[in-house]
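Understanding the architecture of this molecule
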Amino acid sequence: MKTDKRIYNRVKAHLALKQIKNKQLAEHLNVSPQTVSKWCTNYSQPSIPELYEIALFLKIDVIELLEPISSFK
């Protein structure tokens with residue numbers, strides 16, 4: 001039986017849209033690139049304060065990091 005992996009955040013998609021590497025975000029947030037990678041694969045999730053910092057860094061509204069995949073443009 002195949003289990004679907006839920007998409008909890010849109011960090012990876014927005015990094016790709018802005019052509020920003022995981023390492024750049026990691027350096028900005030003072031976290032390891034592995035931490036950002038885990039967020040991008042939804043293996044773990046950023047904290048609420050981290051989500052706001054990510055949104056500021058990407059110059060987007062924090063809600064854009066949490067939209068379901070179907071409503072992402």
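Check the entry above for the structure.
Thresholds, definitions, all that
Residues numbered from 1 in each chain as written. Predicted model: local features only at pLDDT ≥ 70, side-chain atom pairs only at ≥ 80, totals over all residues. Heavy atoms only, no water. Core = buried A, V, L, I, M, F, W, Y, C linked by side-chain atoms within 4.5 Å. Buried < 20%, exposed > 50% of the residue type's maximum accessible area, 1.4 Å probe, protein only. Helix = DSSP H or I, 4+ residues; strand = E, 2+ residues; numbered from the N terminus. Contact = heavy atoms within 4.5 Å. Arc of directions from axis to C-beta.

1. Observations regarding the nonpolar core
Val-11, Leu-15, Leu-25, Val-36, Ile-54, Leu-58 and Leu-65 are the most contacted members of the largest nonpolar core, which totals 16 residues. Elements with a minimum of two residues in this core: α1 (11–17), α2 (22–29), α3 (33–40) and α4 (48–58). For this core, the leading source of residues is α4, giving 4 residues. Beyond its immediate stretch of four places on either side in the chain, Ile-54 contacts Val-11, Leu-25, Leu-29, Trp-39, Pro-46 and Leu-65.

2. A look at α3
Residues of α3 that are buried include every one of Val-36, Trp-39 and Cys-40, and no others. All buried residues of α3 fall inside an arc of 100° around its axis, so they share one side. On its buried face, α3 sits against α1, α2 and α4. Immediately beyond the C-terminal end of α3, within one or two residues, lies Asn-42, with a positive phi of roughly 60°.

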